[in-house]
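Geometric and topological summary
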Amino acid sequence: MLVSAKDMLNKAKAGHYAVGQFNINNLEWTKAVLLTAQELNSPVILGVSEGAGKYMCGYKTVASMVTAMIDELKITVPVALHLDHGSYEGAFKCIEAGFSSIMFDGSHYPIAENIEKTRELVKVCAEKGLSLEAEVGSIGGEEDGVIGAGEVADPNECKSIADLGVTMLAAGIGNIHGKYPENWQGLRFDALDAIQALTGDMPLVLHGGTGIPEDMIKKAISLGVAKINVNTECQLTFAAATRKYIEDGKDLSGKGFDPRKLLAPGFEAIKGTVKEKMELFGSVGKA
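Numbering of residues starts from 1 in each chain and follows the order in which that chain's sequence is written. In keeping with the predicted nature of the model, local features appear solely for residues at pLDDT of at least 70, side-chain atom pairs appear and are counted solely at 80 or more, and the whole-chain, interface and lining totals rest on all residues. Each side-chain value is worked out from all heavy atoms of the structure, with water and hydrogens disregarded.

1. A few points about the side chain of Ser42
Defined as follows: For helices the rule is a DSSP run of H or I covering at least 4 residues; for strands it is a run of E covering at least 2, with both sets numbered from the N terminus onward. Each residue's exposure class comes from its accessible area (1.4 Å probe, protein chains only) as a fraction of the maximum for that residue type: buried when under 20%, exposed when over 50%, partly exposed otherwise. In this analysis, two residues are considered to be in contact whenever any of their non-hydrogen atoms come within 4.5 Å of each other.
If you trace the backbone, Ser42 turns up in the loop between α2 (27–40) and β2 (44–49). The buried category is assigned to Ser42, whose relative accessible area is 0%. Beyond its immediate stretch of four places on either side in the chain, Ser42 contacts Ala37, Val77, Met278, Ser283, Val284, Gly285 and Ala287.

Following this line, the structure appears as structure tokens:
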């Protein structure tokens, strides 16, 4: 059964650890993340971007696959199914499809419009018992066609959005999606500190978790970050393991071309990455 992310994130914030959001892209991804969470007794958030939702034949398909998998694999740890960087329209589609958590990314709107649209979604999500993530200050890099330069959010704007009653807040603190460039300046902890001071107990979200050094991740958690998003890193390890399998010619021997065999090394690689992140974030044993 899917749960809202509210409880797991409030516990994480109070306990000074973070819950990982691992974006899913297909059946292998979903299975790898769920099994690893169960093995490590960790709460987990499955993230679905609008592009990935489309790729997997729509949000209803995704929600059906995830709920059936939780049942079939006998997953007992808390699992939230979360729309990542959702548009206003996408948010309503996912609510209808049975997602348990929604992110509305209104960071590219003027702040007044972001507030207005977020306020509306707060009401709908509260009625249905879903958690809601909002964003202030766009995250750098590219995510499904939305390009941001790694802005630093205004703490007062963060407070205006937090006060609407959202569950969690993604605030830009110089973090970016994808691989970090050579000249990246690092996370702006002064900004994070100022945001946390104004938003109090609200769990904060760090997007672009791939490529941020471990000490920075730990410091961000100590300053109120309770949810960290990981996507690129799982894609990179999956691709590397799949490449090695093919370069070693294993797809040419016996029935090595069978997708169950061909995709197995990549599947194990995702599990390895998820385990590494859960240990780093401190969510192991916290289910």
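Still to come is the rest of the account.
2. A few points about the UniProt feature "binding site: dihydroxyacetone phosphate" (unreviewed entry) in the protein chain
Our working definition: UniProt positions are given in the numbering used here, feature names are shortened, and annotations may be inferred rather than shown by experiment.
Per the UniProt record, "binding site: dihydroxyacetone phosphate" (unreviewed entry) is annotated on Gly178, Gly208, Gly209, Thr210, Asn229, Val230, Asn231 and Thr232. Considering the C-alpha atoms alone, the annotated residues occupy 55 residues of sequence yet fold into one spot, their largest mutual distance being 11.2 Å. Look past the residues within four positions of Asn229 in its chain and what remains in contact with it is Gln21, Asp84, Val205, Leu206, His207, Gly208, Gly209 and Thr210. Mapped onto the secondary structure, Asn231 falls in the loop between β10 (225–230) and α10 (232–247). Residues in contact with Asn231, not counting those within four places in the same chain, are Asn23, Asn25 and Thr210.

3. Considering helix α4 (residues 59–72)
To be explicit about the condition: Working rule for helices: expected span equals 1.5 Å times residues minus one. By construction, the arc corresponds to the directions joining the helix axis to the C-beta atoms.
Over its 14 residues, α4 runs 20 Å from end to end, which matches the ideal 20 Å to within 8%, given 1.5 Å per residue. By the burial criterion, the buried members of α4 are Tyr59, Val62, Ala63, Met65, Val66, Met69 and Ile70. In a view along the axis of α4, the buried residues occupy a sector of 165 degrees, so they form one face of it. Turned more than 90 degrees from where α4 packs its buried face, Lys60, Asp71 and Glu72 sit exposed. On its buried face, α4 is in contact with α2, β2, α3 (50–55), β3 (79–86) and α5 (88–97). Backbone geometry just after α4 places Lys74 at a positive phi near 50 degrees.

4. Some details on the packing of α2 against α4
The condition that has to hold: Here the axes come from fitting lines to C-alpha atoms, over the contacting stretch only for helices, and the angles between their N-to-C directions go from 0 to 180 degrees. These descriptions rest on fixed angle ranges, namely under 35 degrees for roughly parallel, over 145 for roughly antiparallel, 65 to 115 for roughly perpendicular, and the rest for oblique. Crossings are classed by handedness, with left-handed meaning an anticlockwise turn of the near helix from the far one by less than a right angle and right-handed meaning a clockwise turn.
Between α2 and α4, the least distance of the axes is 11 Å, while the angle of their chain directions is 40 degrees. The pairing of α2 with α4 is recorded here as oblique in orientation. With respect to the hand of their crossing, α2 and α4 are arranged in right-handed fashion. Residues Leu27, Thr30, Lys31 and Leu34 of α2 touch α4, and the partners they reach there are Met65, Val66, Met69 and Ile70.

5. Description of the nonpolar core
The tendency in soluble globular proteins is for nonpolar side chains to be buried as a group. For the record, the criterion: The set of buried Ala, Val, Leu, Ile, Met, Phe, Trp, Tyr and Cys residues whose side-chain atoms join them within 4.5 Å is what this entry labels a nonpolar core.
Ile24, Val79, Leu81, Phe99, Ile102, Leu187 and Leu206 are the most contacted members of the largest nonpolar core, which has 81 residues in total. At seven residues, the largest contribution of residues to this core is made by α4. The contacts of Phe99, once residues within four sequence positions are left out, are Val48, Tyr59, Val62, Ala63, Leu81, His82, Leu83, Cys94 and Leu130. Counting 13 residues, the second-largest nonpolar core is a separate cluster that includes Met8, Val19, Ala170 and Val205.

6. Comments concerning the environment of Met216
Tracing the sequence through the fold places Met216 in helix α9 (residues 214–222). Distance in space between the C-alpha atoms of Met216 and Cys234 is 20 Å, their sequence separation being 18 residues. Among residues more than four places away in sequence, those in contact with Met216 are Trp184, Gly186, Leu187 and Phe189.

7. Side note on the sheet that holds β3
Spelled out, the test is: By the convention used here, strands pair only if DSSP detects at least 2 bridges between them.
Spatially, eight strands are ordered β1-β2-β3-β4-β5-β8-β9-β10 in a closed barrel, and the strand pairing comes out parallel. Taken over all neighbouring pairs, the strand axes of this sheet differ in orientation by 25 degrees on average, direction set aside. The sheet contact formed by strand β8 (residues 168–171) and strand β9 (residues 204–206) spans two bridges and is parallel. Directly across from Leu169, in β9, lies its bridge partner Leu204. Together, β1 (19–23), β2 and β3 form the strand contacts of α2, whose direction differs from that of β2 by roughly 165 degrees. Helix α6 (residues 111–128) rests against β4 (101–104) and β5 (131–136) of the sheet, and its axis sits at about 170 degrees to β5.

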